[in-house]
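Structural description and commentary
Read off the chains here:
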Amino acid sequence: MPWASAMEFKLLGPVTVYLTGQERPLGGPRQRAVLAALLLHANEEVRTKQLLELVWSDLPTSAESNLRTYLTRLRRILRVPDEPESRLRTRRGGHLVTVRPGELDVDRFTDLAAQGERATDPAVACDFYERALRVWRGRALENVALEPLLEAESARLEAHRERVHEQYLQTRLTLGHHADVLPELRALLLRNPLWERMAGMLMVALHRSGQRTEALNVFRQTRLRLVEELGVEPGAELRDLHQRLLAGDEPGRPPVAAVVTPGAADSTVDSRRPDARASERLARITGTASLHGFRTRHSTRTVLPVRPDPVAPPGADRPAQLPADLPTFTGRDAELAELITMPATGEGSATAERVIFTIDGMAGTGKTTLAVHAAHRLAARYPDGQLFVDLHGHTDGVDPLEPREALELMLRALGASTSALPDSTEARASMYRSLLAHRRMLVVLDNAHSEAQVSPLLPGAGTSRTLITSRKRLTGLLHHAHSLSVDVLPLADAVTLFTRICTPQRLSDEPSELVEEIVELCGRLPLAIRIAAVRLRDRPFWTLEHVRQRLGDLRQRLTELYAGEHSVAAAFNLSIADLEPDRRRVLTLLGLHPGATIELNAAAALARLTVPAADRMLEEFVDAHLIRQAAPGRYELHDLMRAVVLERAQAEDPQDIRRAMRRLLDFYLHTVDACDQLIHPVRRRAELAPRDPLVVPVAFADVDEALAWCDSVRADIPHLIRAAEHHGLLTHACQIPLRLEGYYDVGRHWSDGTAAYEIALNSARMLSDQQVECELLLGLAFGWAQQRLYERAIAYYEATIKVCRQIDNHYAEGFAAMGLAEVNRRLSRFDVAIRHHEHALALYRRINDIHAVCINLDHLGNTYRDLNMLDEAIECYQQACVHSEEAGDMFVAGRFLINLGQTHLMRDEYEQATETTKRALTVCVEAGDRHGEAYALTALGTMQASAGQYEQAMRFLAEAHRMLTDLNDERAADVRAYLADLRNGHVPSGVDLLGPR
């Protein structure tokens, strides 16, 4: 199905980006390196430290600053019209580039190559390989500044291309195009004379073209170079091919290594490496350069054709019990590579060992499907047969199979008669281990319940391989097994699975973007996707839009996701039923949290547990794949699991639910209050309701920690307010956003703030609490003003004054009057502004509110400054500074000093301006006011530039620009432009970077 996209990302050649067919300018090699590193981890968060290591091998002191600059530029470059945000997003933990299916050339190349490998018709495979190779436009990451880690990535991509090229040439040989491929084979071997597989293909092509003598000469030259340069003889397959040509026999297929994986040398040469240097050389020759343990999104292992061992027909002692493989199996390339390519040590030799794999994951993620598919791929390596046992760890209405019963099933499959079976579990396990000791068998233990159930079923020695699936992490098998956890599908694979089940023909006239939306509604859970796709396929009059609407409501979604005996709700409920009652209660309560993630202390409050007890229980849930860990101390429920536990919550006592929600909201209210205390230590606050003693708010070391925490929960706040209103906790609904006012202001998050306040205003009116209504109206008016929606702000300020006068709230009335003054100043209505300021000052002096008096004096000073009444402005700022320092309100004092310094500069009082602004910088740093610190640096930079101190000016302004960019402050663009002028030798005149806004 075609997938139209506005963006194209290209790494296989020069790094380029196209927007609607037009190439975007990407800057210099280092900036391109940042983009390349992010695209190699597309749709995954790359931590800042990891990104720095990818882009610089030796970090310069300016690396972090440079990285921020590159990311800022790339955010602008990767902004797509009609999309709400840039494709490059920066989160608290790192940075992420969003790439949609079909947009990245690496993905297209990988998908086409994989389709070639899966094709059974050589002509079809050849077409896929040829199309894959055409995606390339040159050397990978060609125009990028390559440091070692990115260079390794480039080498890995090139090695993958070489392997696909080899497979392409092999299929052409299979199709009989011997003469056509000779020039390519000669050129490739000339470029890498030690490439044994290429030498083998060239020998076959020459032989079939009637050039037997030249074919033998290729072997002699290849052997000579291997011996001289590496000290090793050619591999067994190349030697065998040489012998067949000498004997005049038909050579058959050219030699192909059993398994090739990026980051590992060819398995055919591992056992004969003479030393470490030869090992590295061989890895380079076979096109599989090591990444030194550095894994990336694209470092999936590629499985090449396996030379099957002779397999005897299954008999009584050679069972073949694998269930049928699903023809619609999709994705899981990395997981398959790990399951298939992990060999027993010296597999096939006297030193071979058993291999045991556990595959764990949430219900519905396709663990059994993956294990069965991998087993079918592996079966040829295990000629003594395959066992498959369903252990019924989570089967509705069936108890888990006892180890004794499972052993009976397996022993009988191996030919043991019922009468010969010992009675005890231990004796049967011993007999099973003895029978497997000298066999190469593949064993699949599906749907395991626990380590105790599985342990007696494991081989003790020999060369067998065991795959175990379970919904739980079988941590007790840590020393015996390799562990593989399976999550939901990546979006591209989820779309492919849905399309394969429905068939492309069924979806040919449907909008492709709806498939993405539907699989997201299914949570990209394979079970849910299969059910939704089957229902659509079997209902000819349904459309994708109809399916989307049916799945739209979270609670209704569960009733839609069933088909026959398959149901998402039933699968999840089996996992929940396996818990002890107290654990089931806690999991149910977790579903009440309305945000995307829940942190440890919030979960403890919700469940009324101590924090250590909650930590232990949540980690149990993680091991059972009932919840996921989003970050250390932060957890999330899959959307469909949330729907299941919310359904279960309907059966709980409503009063218990309300008490749990009160504890949760206590946690958030008292934590946001702790943030507010740090942001604005002297601000007036209403008293909070007492909290439950077991509720432990987060404690913060400083303002930065508090702001970072607020960032992490900002998107959850509207949902928390609505939940508070739904459960009748109206005071919490009002107080939470009010305690975030300082955060919304400092972080310039007023679009979020006004949304939260609008929701809370309804709760205040339901409470009939006009005092709280005043505060929320004030917050709304201020928030709209900060977003420059001045007429809307005036309407809310006037509504505030009306309510204030009904209840004699002089403080709120004064703040509203001051807000009206500020809005009118911005609208150049200066007389009206001064009148409102004078009214506000009178009110605040009457109630002796020093903080409010200071704020009002500062704003009045701004108005006088706009009118060029500089003496009056200086008097206002000086009074504000004196009063705020006396009151210990240093957070605002720094801002007043900046304004005072700027006004001295307007009067050409340079020394006073500089000293005042330096003092402002010190005050802002000590108060933790990062915006104020950036403004002070900006002011100092412009002052130094005016005085001709350009080098110092540029240092101040560069740091100011970095901070303003990080803070998403609108002044960043002005500072950048001013700084650019300075660097070009031009000193801007008449520019006021800090004029009141």
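Note that the structure is a prediction, hence the values are computed from the model and not measured.

The rules behind these values
Residues numbered from 1 in each chain as written. Predicted model: local features only at pLDDT ≥ 70, side-chain atom pairs only at ≥ 80, totals over all residues. Heavy atoms only, no water. Helix = DSSP H or I, 4+ residues; strand = E, 2+ residues; numbered from the N terminus. Buried < 20%, exposed > 50% of the residue type's maximum accessible area, 1.4 Å probe, protein only. Polar contact = N/O pair within 3.5 Å; in protein donor to acceptor, adjacent residues only side chain to side chain. Contact = heavy atoms within 4.5 Å. Pairing = 2+ DSSP bridges. Axes fitted to C-alpha atoms, helices over the stretch in contact; angles between N-to-C directions. Core = buried A, V, L, I, M, F, W, Y, C linked by side-chain atoms within 4.5 Å. pLDDT = per-residue confidence, 0-100. Patch = residues over 30% accessible without salt bridge, like charges linked within 9 Å, V, L, I, M, F, W, Y side chains within 5 Å. Areas by Shrake-Rupley, 256 points an atom, 1.4 Å probe, with all protein chains shown as cover. Salt bridge = Lys/Arg side-chain N within 4 Å of Asp/Glu carboxyl O. Lys, Arg positive; Asp, Glu negative; His and termini not counted. Charge placed at Lys NZ, Arg CZ, Asp CG, Glu CD.

So, on to the side chain of Thr 469. Note that Thr 469 resides in strand E10 (residues 465-470). Judged by its relative accessible area of 1%, Thr 469 falls in the buried class. For Thr 469, the side chain forms a polar contact with the side chain of Asp 446, separated by 2.5 Å. Those residues in contact with Thr 469, other than ones at most four positions away along the chain, are Ile 359, Lys 367, Thr 368, Ala 371, Leu 445, Asp 446, Asn 447 and Ala 448.

In this section: the sheet that holds strand E16 (residues 634-636). With respect to topology, three strands assemble into an open sheet ordered E14-E16-E15, the strand pairing being antiparallel. A strand with exactly one partner marks an edge of an open sheet, and here the two such strands are strand E14 (598-599) and strand E15 (628-631). Sheet topology places E15 next to E16; three bridges connect them, and they run antiparallel. If you follow Ala 631 over to E16, its bridge partner there is Arg 634. Strands E15 and E16 of the sheet are contacted by helix H25 (residues 611-623), whose axis makes an angle of about 45° with E16.

Residues Phe 498, Val 568, Leu 587, Phe 621 and Trp 709 are the most contacted members of the largest nonpolar core, which totals 135 residues. Among the elements that line this core, the one with the most residues is helix H27 (residues 654-679), at 11 residues. Excluding its chain neighbours within four sequence positions, the residues that come into contact with Phe 621 are Leu 579, Arg 583, Val 586, Leu 587, Leu 590, Leu 626 and Ile 627. One finds Leu 40, Ile 77, Leu 157 and Leu 173 within the second-largest nonpolar core, a separate group that totals 77 residues.

Residues with a pLDDT of 70 or more make up 89% of the protein chain, whose mean pLDDT is 84. Scored below 50 in pLDDT, residues 253-316 shows 144 contacts in the model against residues more than four places distant or in partner chains.

With burial as the criterion, each face of strand E6 (residues 94-97) is covered, one bearing Gly 94 and Leu 96 and the other bearing His 95 and Val 97. Inspection of the sheet shows strand E4 (residues 46-47) paired to E6 by two bridges, in the antiparallel sense. Residue pairing for E6: Val 46 is matched across the bridge by His 95. Pairing analysis gives three bridges linking strand E5 (residues 88-90) to E6, with the strands arranged antiparallel. Looking at E6, one finds that Thr 90 is bridged to His 95.

Ordered in space as E1-E2-E3, the three strands form an open sheet in which the pairing is antiparallel. Strands with a single pairing partner mark the edges of an open sheet, and in this sheet they are strand E1 (7-10) and strand E3 (22-23). The pairing of E1 with strand E2 (residues 16-19) spans four bridges and is antiparallel. Bridged to Glu 8 within E2 is Tyr 18.

Together, Arg 73, Arg 76, Arg 976 and Arg 983 line one region of the surface with positive charge. At the level of secondary structure, the elements contributing two or more residues to the positive patch comprise helix H3 (63-77) and helix H43 (971-983). The exposure class of Arg 76 is partly exposed, given its relative accessible area of 44%.

On to the pattern of salt bridges, then. Proximity of charged atoms lets side chains of opposite charge pair with each other. Scanning the entire structure with this criterion turns up 51 salt bridges. The salt bridge partner of Arg 100 is Glu 83, with a shortest N-O separation of 3.1 Å. Placement of Arg 100 in the loop between E6 and helix H4 (105-118) and of Glu 83 in the loop between H3 and E5 is noted, with a sequence separation of 17 residues between them. Overall, the relative accessible area of 37% leaves Arg 100 in the partly exposed class. By relative accessible area, Glu 83 is classed as buried at 17%. Close ionic contact of Glu 166 with Arg 197 constitutes a salt bridge, the shortest N to O distance being 3.1 Å. Residue Glu 166 is located in helix H6 (residues 148-174), and its partner Arg 197 is located in helix H8 (residues 196-208); the two are separated by 31 residues in the primary sequence. In terms of burial, Glu 166 and Arg 197 fall into one category: buried. Connected via shared salt-bridge partners are Arg 68, Glu 959, Arg 962 and Asp 966.

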